[in-house]
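Inside the fold
In case you want the letters, here they are:
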Amino acid sequence: MDARVFLTLIVLGLTVTPVKAESNSPPVHETEQRAREVLREWSEECLSFTGVRGEILRIDYDDVFQQQKHSVGSFGYLGPQHSFFRFSPALKTPDPDYLKNTSDGKPYEYKEGYSEEWRWQKSCVRSIDHVEKKYEEFRVIKPPPSESELKWFDSLLYFTCMDTITLILPGVPNQAKFDEFISDSYLMVIRENETHIWIAGKPKNRRHAANFREFKLYLEKHPWRLRAVQYIHPSGNQNTVYRFSNVEFNPLEWDEPDLSDYQNLSDRPVVVEWPEKAKTSSTQEEVGSQVNWAAVRAGFAILSLIF
């Protein structure tokens, strides 16, 4: 499909403007039922996919400063702690037709996209800067507790699993996490035709709502394939669209980058050690004091990469 046509389809469906119900629109409960039916079918169709790899176009919109950024890159997922994202600025400035317009019809200001890489490698998380040839490492010496056991301050360290950062990927590689997220979200179909469907959702879980207030999915039919996803930031003034392409399901394991000539910014790797579950208020205060703020800053950095 031509890129211009594809982006037009995204713009038509993945819009931050609330959709107003028309007089001939189906009742809300019917659109929610249809959305859940589609996502269940998609999930069941992807039962054999436990990994995914592909290319990604990221478009960031800032409605406050009226700016737009394009980044291109790749991603891979073989498990919550065996994954990666890599972004670099788009090679050329997009045509004005690709830029969002202001209320007076002028195109947004185009800014250079992101240049960064994050890799989840079982026992550690790495932030890599290929331009400056340096990296920082955060080691995980204990697995995170279950989500029900996490306290607010613990959630700042929850970035050690890619699943928490990227809830929706092509192929639904983590079925349990995806199904749990969808069941805990408000959903509705905002547009559908013979070949595509656009679904909007809002998370009920406060942890997810703290990262984004709404998400929208653009799916292709026959077979079901996720083509794009949009996250609207909590403020409602920024949003990020991801377009997936050249997707490969159940890929072979990839080689990790050679960092032998890169500078390690951590003299000693920052250790993220999960505290024991707090049982009393005094114990909780003690555990809270153990929070590794360097790791917390890394968590926020990863969140800024995705959202």
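Below, the structure is looked at part by part. What you see is a predicted model; the values in this text were computed from it and never measured.

Conventions we followed
Residues numbered from 1 in each chain as written. Predicted model: local features only at pLDDT ≥ 70, side-chain atom pairs only at ≥ 80, totals over all residues. Heavy atoms only, no water. Helix = DSSP H or I, 4+ residues; strand = E, 2+ residues; numbered from the N terminus. Buried < 20%, exposed > 50% of the residue type's maximum accessible area, 1.4 Å probe, protein only. Polar contact = N/O pair within 3.5 Å; in protein donor to acceptor, adjacent residues only side chain to side chain. Salt bridge = Lys/Arg side-chain N within 4 Å of Asp/Glu carboxyl O. Phe/Tyr/Trp six-rings, centres within 6.5 Å; stacked < 30°, edge-to-face > 60°.

Quick notes on the side chain of His233
Tracing the backbone shows His233 in the loop between β11 (225-232) and β12 (238-249). Overall, the relative accessible area of 12% leaves His233 in the buried class. In this structure the side chain of His233 is engaged in a polar contact, spanning 3.2 Å, whose partner is the side chain of Thr240.

Some thoughts on the pattern of salt bridges
Going through the model one piece at a time under the given rule, you end up with 15 salt bridges. The salt bridge involving Glu192 is made with Arg34; its shortest N-O contact spans 2.7 Å. With Glu192 in strand β8 (residues 185-192) and Arg34 in helix α2 (residues 28-45), this residue pair connects regions lying 158 residues apart in the sequence. Here Lys100 makes a salt bridge to Asp63, at a shortest N to O gap of 3.0 Å. With Lys100 in the loop between β3 (82-89) and β4 (109-112) and Asp63 in the loop between β1 (52-62) and β2 (67-77), this residue pair connects regions lying 37 residues apart in the sequence.

Observations regarding the packing of aromatic side chains
For the structure on display, the rule yields 13 aromatic pairs. For the ring pair Trp42 and Phe178, a centre distance of 5.2 Å and an interplane angle of 80° mean the geometry is edge-to-face. Of this pair, Trp42 sits in helix α2 while Phe178 sits in helix α5 (residues 175-183), placing them 136 residues apart in sequence. Each of the two residues, Trp42 as well as Phe178, counts as buried. Centre to centre, the rings of Phe181 and Phe212 are 6.2 Å apart; their planes meet at 70°, and the pair counts as edge-to-face.

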